[in-house]
Amino acid sequence: MSRARIALIYVALVGLPLLGLVAIINTGRGLEAPGMTGMSGIAPLTPASGGVPMPNLPLLLLQIVAILVMVRVTGWVLRLVGQPQVIGEMVAGILLGPSLLGWLAPGVSAALFPPASLGFLNALSQVGILIFMFLVGLELDTTSLRERGETAIVTSHASIIAPFFLGALLALPLYPRLAPAGVEFSGFALFLGAAMSVTAFPVLARILTDRNLHRTSLGTLAIACAAVDDVTAWCILAVVVVIVRAGHSATPLWLTLGGSAAYVVLMLTVGRWLLAGLGRAFARHRKLTQDLVAIILLATMASAWITERLGIHAVFGAFLVGAAMPRSPGLAFAVLGRFLDLMVVLLVPLFFAFTGLRTSIGLIGGGGLWFWCAAIIAVAIAGKLGGSAIAARASGLPWRDAVALGMLMNTRGLMELVILNVGLDIGVISPTLFAMMVLMALVTTFMTTPLLAWIHPAARAAAVQMRDIPEPEGATG
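Summary of the structure given here. None of these values were measured; they are calculated from a predicted model.

**Remarks on the overall build of the protein**
The helix and strand inventory of the protein stands at 20 helices and zero strands. Within the protein, the proportion of its 477 residues that are buried is 54%. In the protein, 84% of the contacts between residues at least 6 apart in sequence involve partners at least 24 apart. Working note: accessible area of the protein is about 20,000 Å², and carbon and sulfur atoms make up 69% of it.

If you want it as structure tokens, here you go:
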């Protein structure tokens with residue numbers, strides 16, 4: 001395919017939606033938010049009492065036991081129908097929250113998860129998410145993008161801008177109905193677009209491995225596009241967080257923008273040079289020592305603290321350390337082996353449970369709100385699946401592979417929930433919209449495996465042959 005045609009496709013699929021996005025932002029400036037401040041069914045992050053609260057250790061342990069049991073049971077049930085473990089974990093969080101347990105047994109729910117106790121559960125889950133984001137950055141591999149060339153660039157950028165544009169367009173009718181009080185339309189629209197654009201890189205990689213597609217041209221292209229999507233979505237989200245927090249943060253906007261840019265450059269140059277010493281130490285000791293683990297955790301938490309203080313969010317700092325880690329042979333595998341079991345079995349399920357406790361499906365009451373929930377799901381699928389498939393087909397892929405790629409890119413998983421929790425924390429989305437977006441994340445993740453089996457029947461047979469092989473190492477989200 002000629003470079004002129006590639007350039008024309010890129011302008012049509014990426015440039016024109018960007019111009020439309022600018023028009024949407026300008027159009028929405030005159031809209032007013034409804035001022036949705038009600039938090040019915042949503043647990044507050046901090047206890048109402050003053051002073052320094054002390055944790056109720058027996059209650060916290062009981063909460064953890066209930067969460068782990070529910071996660072294991074739902075994960076086992078959903079694996080029977082061919083779904084990945086992460087789907088069961090996401091569903092378990094919803095079942096333990098006000099959407100089911102709080103509705104069926106409000107007394108049990110209030111006794112097991114009283115609002116004053118959730119701050120400690122949240123703290124544990126946030127530590128887990130910081131480590132998870134470090135692992136996501138560690139697993140990023142840009143070599144596959146370079147190998148796939150122009151097709152990967154066009155497809156990845158189109159798979160970002162198409163759902164972003166449609167999400168921002170959907171913000172026009174959603175803003176007057178579901179936006180929180182005091183949120184500017186620009187921040188609301190940009191956040192909605194960013195939330196629509198994310199792809200769950202680890203879940204996608206796991207599905208490809210299960211279907212024996214990870215070494216095919218489709219698999220390498222999907223991994224390359226998902227890696228670009230993740231980096232781009234987090235960069236966009238960082239900008240959105242800065243915009244939303246600008247009016248309420250004690251940190252001046254110029255300091256946030258300039259400090260963040262300087263810190264990213266510092267981490268990708270000096271930070272990468274310093275972290276390269278970990279690769280040399282790993283090669284010298286031929287194992288991941290406790291000192292190296294301590295240095296990795298120290299760097300991750302320190303970087304998270306810096307980005308939080310700069311006014312963006314702690315998850316960006318953790319992700320940046322993972323992206324700056326050396327790609328020494330065996331180091332990433334050793335780090336994953338050391339952290340992964342604790343993440344999968346304990347910390348990530350706690351995050352899912354806390355997300356479920358913040359999700360109240362009951363807030364979506366009446367046909368009107370369910371209509372907008374369905375619209376969110378439809379727009380998310382059309383933008384991500386449709387945009388990726390059209391771009392891949394225009395770049396020369398057969399229709400079957402193009403549609404399969406769109407299905408894979410439509411997987412959102414844990415990455416979506418991390419973004420949604422950031423949005424709820426900074427007040428850019430309301431609890432009702434949060435519940436709708438959580439349902440969207442569940443639907444788009446759940447549909448990937450059966451649709452991929454339908455579009456790629458040969459991969460289904462390969463997956464059957466691999467059932468007795470142990471699960472591959474990788475993050476869950």
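**Looking at the packing of helix α14 (residues 331–358) against helix α17 (residues 413–426)**
The geometry of α14 relative to α17 is characterised by a closest axis approach of 11 Å and an angle of 50° between their N-to-C directions. Between α14 and α17, the crossing angle belongs to the class labelled oblique. Considering only the axes of α14 and α17, their crossing is left-handed. Residues V348, F351, F352, T355 and R358 of α14 pack against L414, L417, V418, N421, L424 and D425 of α17.

**What about a nonpolar patch on the surface?**
Judged by side-chain polarity, V65, V69, V73, W76, V77, L80 and V81 come together as a nonpolar surface patch covering roughly 680 Å² of accessible area. Along the chain, the position of L80 falls in helix α2 (residues 57–80).

**Digging into the pattern of salt bridges**
Opposite charge on two side chains permits pairing when their charged atoms draw close. Enumeration over the complete set of coordinates arrives at two salt bridges. R358 is the partner of D425 in a salt bridge, and the nearest nitrogen-oxygen pair spans 2.8 Å. Taken as a pair, D425 in helix α17 and R358 in helix α14 lie far apart in primary sequence, 67 residues in all. Among the residues examined, D425 registers a relative accessible area of 34% and is labelled partly exposed. E416 serves as the salt-bridge partner of R412, at 4.0 Å between the closest nitrogen and oxygen. Judged by relative accessible area, which is 0%, E416 ranks as buried.

**Re unusual backbone geometry**
The phi dihedral of R286 is positive, around 60°, even though this residue is not glycine. By relative accessible area, which is 77% here, R286 ends up exposed.

**Describing the packing of aromatic side chains**
Counting across every chain of the model gives four aromatic pairs. Consider the rings of Y175 and F185, whose centres lie 5.3 Å apart with planes at 90°: the pair is edge-to-face. Taken together, the residues Y175 in helix α7 (residues 143–178) and F185 in helix α8 (residues 185–197) connect sequence positions ten residues apart. Accessibility expressed as a relative area gives 4% for Y175, which makes it buried.

**Digging into the environment of I24**
When you line up the elements, I24 lands in helix α1 (residues 3–28). Taking relative accessible area as the criterion, I24 reaches 4% and is therefore assigned buried. When the C-alpha positions of I24 and F185 are compared, they lie 9.8 Å apart, and in sequence the two are 161 residues distant. Among residues more than four places away in sequence, those in contact with I24 are F165, A168, L169, L172 and F185.

**Quick notes on the side chain of S260**
Within the secondary structure layout, S260 lies in helix α11 (residues 253–285). When sequence neighbours within four positions are dropped, the list of residues in contact with S260 reads L255, L310 and I312.

Basis of the calculations
- Counting starts from 1 at the beginning of each chain's written sequence and moves along it residue by residue.
- The predicted origin of the model limits local features to residues at a pLDDT of at least 70 and limits the giving and counting of side-chain atom pairs to 80 or more, whereas totals for whole chains, interfaces and linings rest on all residues.
- Excluding hydrogens and water, the side-chain values take into account all heavy atoms of the structure.
- In this text, helices come from DSSP runs of H or I with a minimum length of four residues, and strands from runs of E with a minimum of two, each type numbered from the N-terminal end.
- Only protein chains enter the calculation, and the probe is 1.4 Å; a residue is then buried if its accessible area is under 20% of its type maximum, exposed if over 50%, and partly exposed in between.
- Contacts are residue-level and defined by heavy atoms, with any inter-residue pair within 4.5 Å sufficient.
- Shrake-Rupley sampling with a 1.4 Å probe provides the accessible areas, and residues are treated as covered by the protein chains on show and by no other component.
- Here an axis means a line fitted to C-alpha atoms, over the contact stretch when the element is a helix, while the angle between two N-to-C directions is reported on a 0 to 180 degree scale.
- Every angle not falling under 35 degrees, over 145, or within 65 to 115 is termed oblique; those three ranges are roughly parallel, roughly antiparallel and roughly perpendicular.
- Left-handed describes a crossing in which the near helix is turned anticlockwise from the far one by less than a right angle; the clockwise case is right-handed.
- For patches, a residue must show more than 30% relative accessible area and have no salt bridge; joins then use 9 Å for like charges and 5 Å for nonpolar side chains, namely Val, Leu, Ile, Met, Phe, Trp and Tyr.
- We count a salt bridge whenever a side-chain nitrogen from Lys or Arg sits within 4 Å of a carboxyl oxygen from Asp or Glu.
- Only centres within 6.5 Å qualify two rings of Phe, Tyr or Trp (six-membered ring in Trp) as a pair; their planes then separate them into stacked at under 30 degrees, edge-to-face at over 60, and tilted for everything else.

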